[in-house]
Amino acid sequence: MIFKQLADYFERLETTSSRLSLIDILSELFSKVEKHEVAKVSYLLQGRVAPFYEPVEMGMSEKLVAAAVGRAYKADKEEVLNLLGKLGDMGLVAQQLNLKFKIKTFKLETKEIFETLAGIAKTSGEGTVEKKVATLADILKKVDPISAKHLVRIPLGVSRLGIGDPTVLDAFAKLKLGDRSKRKLLEGAYNKVSDLGLIGETLWSGGLEAVQKLDVTVGRPIRSQLAERLPDAKTVLQKFEGNAHVQYKYDGFRVQIHKDGNNVRLFSRNLEETTPMFPEIVEGTIKQIKAKTAILDSEALAFNPQSEEFLPFQETTKRRRKYGIEEMAKSLPLKAFVFDVMYLDGKPLMDLELIERMEQLKKVLQGDEILIPQPGEVVDNEERLNELFNDALTKGLEGVVVKRPDSKYEAGARNFNWVKLKRHSAGELKDTIDCVILGYIFGRGKRAEFGAGALLVGVYDKDKDEFVTVSRIGTGLTDEEWREIKVQSSKFKVQRKPARVNSLITPSVWVEPKIVIEVLADEITKSPVHTAGKIGSGPGYALRFPRLVKFREADKQPEDVTTVKELVEMYHLQYKK
Ligand code: ATP
């Protein structure tokens, strides 16, 4: 497929406002791509040249992309920056300048553009900046205005198509399996390999059967298993019909550890590679894991072994940084509390019962210098479960995670095989809700200076793959945070309601769902103005007195925010004591 054709599809995708037509356009697009292009197109649709978990960065700032645009279309720096000020989007700048330049032939293949972009990402060493600018300018000279618009957004990381992995899977299912509802058949494999391109390529070459045979591999993150909520020990034991496996619940970063000999890679909750950030965990894995290959699930946090004190999340979070890592690793060393093992010496263990996986964990993890095993304890009565829960609170932890002893590791699932019991789950609503920013509403007076008065935020409807509104938030943000939100969201500002957003409220400015925030509210109530959980003309759900707790985009993707299903469960839980 020539890139122009792909860019025309990008344009159609960008301007559609319905999720169903997103899927129609995508499946039409995929019906035209060749087998060898499926993976590349899947990545490009999300503004990338590799799966999400590969830390491939283009390494081009707005300034460098501006330089490339200027060089391609013979515009000086001032002209480019003036236009950018006026249009607010480098894509539109490139499109406009390209138009004047009147390029006649556009024969560049998608493959060629993909490889050029991947090459820019790999460029390093002396003269890197110049090489990157020259290479991007060179391809910009050979494309049409629409291609130029979408092309420059890729190195800037501001692709505005609003397409998530589930949307692409729907399109694959519609095209190759006859019906988008068959996405479920692809999801099992997707949860194990986390690579949309690989799913597409395999589907094209070997059909559904080949996709379903895809299995976990060291080096490719597994989508994390997640926990449900229940109010208390009694309910948990009832739900589990007897035995429950109990582990402490640590509040730090989720770290999925992949070991292949001395090569160790670490992945975050949202599958981003975090290996360079935590050198001590890499070292601990090599020293303490007595297997050639392994995949482990853990929570890492700052811990003081002398005082046996867990440090609060605010301390641990200082380790999420790109610079000064060695010093921080010394002053604030992390321990990884390993609570599961999914793969050992060439064999996936995910289908084993939890209890058997814990036996494997005890054997393979030696010592507790950096990696600390959490084999947990099986309990069969409320007293002991409460004792462990209170013990966790005394140690300064958040609570416990209770798991069904005979359950498999279900990649990507959130169900009652894992249940979190937190300090405040019982009674009033104290659990936080993760929301994604969908837009902002201009304020008056002092706040108007920062360009925002309230944020329109939403949660995720997983079944419909849609973002639905749940609240307007105006309090709890400092002036500094408003400024930060303005800078962040200006990158994702869009002209119209994104196709996957379902809202009755029209904000002053729509924002592509990207920025995840954690919100605390007093109560979940029913509301006619919000679309979360709304069925027909009935009311939706809303948050009462919501306030911002923290930004979560470092470890959550928009599809990882609280789901409608969870919200409805939390609504019912809040009145149970
Ligand atoms: P979630 O990760 O479920 O979307 P969240 O980010 O709000 O939700 P919590 O509700 O606090 O997090 O709890 C779930 C998280 O707890 C897990 O994702 C994991 O990072 C962490 N965790 C800590 N200890 C354990 C444990 N023993 N077993 C499983 N998860 C644990």
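Residues numbered from 1 in each chain as written. Predicted model: local features only at pLDDT ≥ 70, side-chain atom pairs only at ≥ 80, totals over all residues. Heavy atoms only, no water.

1. A closer look at the packing of aromatic side chains
- Evaluation of the coordinates by the stated rule reveals 17 aromatic pairs.
- Relative to F310, the ring of Y250 lies with its centre 5.5 Å away and its plane at 55°, an arrangement referred to as tilted. In this pair, Y250 sits in the loop between strand 2 (244-249) and strand 3 (253-260) while F310 sits in strand 6 (residues 309-310), placing the two residues 60 residues apart along the sequence.
- Look at Y250 and you get buried, because its relative accessible area is 7%.
- Note on F310: relative accessible area 15%, which makes it buried.
- Both rings, one in F253 and one in F313, keep their centres 6.1 Å apart while their planes meet at 75°; by these two values the pair is edge-to-face. Of this pair, F253 sits in strand 3 while F313 sits in helix 15 (residues 313-316), placing them 60 residues apart in sequence.
- Pairwise contacts between aromatic rings join Y248, Y250, F303, F310 and F337 into one cluster.
- Seen from the ring of F416, K239 lies directly overhead, with NZ or CZ sitting 4.1 Å from the centre.
- The positively charged end of K403 is found above the aromatic ring belonging to W418, 3.8 Å away from the centroid. (Phe/Tyr/Trp six-rings, centres within 6.5 Å; stacked < 30°, edge-to-face > 60°. Helix = DSSP H or I, 4+ residues; strand = E, 2+ residues; numbered from the N terminus. Buried < 20%, exposed > 50% of the residue type's maximum accessible area, 1.4 Å probe, protein only. Lys NZ or Arg CZ within 6 Å of the ring centre and 35° of its normal.)

2. Digging into the site of the ligand
- Not every one of the 19 residues close to the ligand is listed here, only the nearest: K249, R269, E299, K420 and K556.
- One of the side-chain N or O atoms of K556 is found 2.9 Å from an oxygen atom in the ligand.
- Across the complex, the protein chains shield 92% of the 600 Å² of accessible surface that the ligand would expose by itself.
- Among the elements that take part in the shell around the ligand, strand 12 (residues 414-422) stands out by supplying four residues, more than any other.
- Residues that form the shell around the ligand fall into these classes: six nonpolar, one polar and 12 charged.
- Composition of the shell around the ligand by domain shows at least three residues from each of domain 3 (226-422) and domain 4 (433-573). (Near = heavy atom within 4 Å. Polar contact = N/O pair within 3.5 Å; in protein donor to acceptor, adjacent residues only side chain to side chain. Areas by Shrake-Rupley, 256 points an atom, 1.4 Å probe, with all protein chains shown as cover. Nonpolar A, V, L, I, M, F, W, Y, C, P; charged D, E, K, R; others polar. Domains from an automatic or database assignment.)

3. Observations regarding the domain arrangement of the protein
- We note that the domain assignment places domain 1 (3-156), domain 2 (165-212), domain 3 (226-422) and domain 4 (433-573) within the protein.
- Each of domain 1 and domain 3 has a C-alpha centre, and the two are 40 Å apart.
- The interface of domain 1 with domain 3 comprises four residues on the first partner and six residues on the second.
- Roughly 380 Å² is buried in total at the junction of domain 1 and domain 3, and carbon and sulfur atoms are behind 56% of that figure.
- Of all residues in domain 1, the largest losses of buried area upon contact with domain 3 belong to F52, Y53 and P55, amounting jointly to 87% of the total for that side.
- The interface formed by domain 1 and domain 3 includes one salt bridge.
- E54 is paired through a salt bridge with R265; the nearest N and O atoms lie 3.1 Å apart. (Contact = heavy atoms within 4.5 Å. Buried area = accessible area lost by both parts, 1.4 Å probe. Salt bridge = Lys/Arg side-chain N within 4 Å of Asp/Glu carboxyl O.)

4. What to know about the packing of helix 10 (residues 165-177) against helix 11 (residues 183-193)
- Packing of helix 10 against helix 11 brings their axes to within 9 Å, and their N-to-C directions diverge by 125°. Taken together, the axis directions place helix 10 and helix 11 in an arrangement best described as oblique. For the element pair helix 10 and helix 11, the recorded crossing hand is right-handed. Contact with helix 10, carried on its side by D165, P166, L169, D170, F172, A173 and L177, involves R183, L185, L186, E187 and Y190 of helix 11 and no other residues of that element. (Axes fitted to C-alpha atoms, helices over the stretch in contact; angles between N-to-C directions. Parallel < 35°, antiparallel > 145°, perpendicular 65-115°, else oblique. Left-handed = near helix turned anticlockwise from the far one by under 90°.)

5. Things to note about helix 10
- Given a rise of 1.5 Å per residue, 13 residues ought to cover 18 Å, and the 17 Å separating the end C-alpha atoms of helix 10 matches this to within 8%.
- The buried fraction of helix 10 amounts to 10 of the 13 residues, a majority that puts the element mostly inside the structure.
- Lining the buried residues of helix 10 we find helix 2 (19-32), helix 3 (38-45), helix 11, helix 12 (196-213) and strand 14 (454-461).
- Backbone geometry just after helix 10 places G178 at a positive phi near 90°. (Expected span 1.5 Å × (residues − 1).)

6. Some points on the environment of I257
- Considering the arrangement of structural elements, one finds I257 in strand 3.
- Linking I257 and T274, residues 17 residues apart in sequence, is a C-alpha distance of 10.0 Å.

7. Let's talk about the side chain of Q288
- In this fold, Q288 is placed in helix 14 (residues 279-288).
- Not counting residues up to four positions away in its chain, the partners in contact with Q288 are V364, L365, Q366, G367, D368, E369, I370 and L371.

8. What to know about helix 13 (residues 233-240)
- Listed in full, the buried residues belonging to helix 13 are A233, V236, L237 and F240. Projected onto a plane normal to the axis of helix 13, the buried residues spread over an arc of 95° and lie on a single side.
- Against strand 2, strand 10 (377-379), helix 18 (382-394), strand 11 (399-403) and strand 12 lie the buried residues of helix 13.
- Positive phi appears at E241, one or two residues downstream of helix 13, with a value of about 50°. (Arc of directions from axis to C-beta.)

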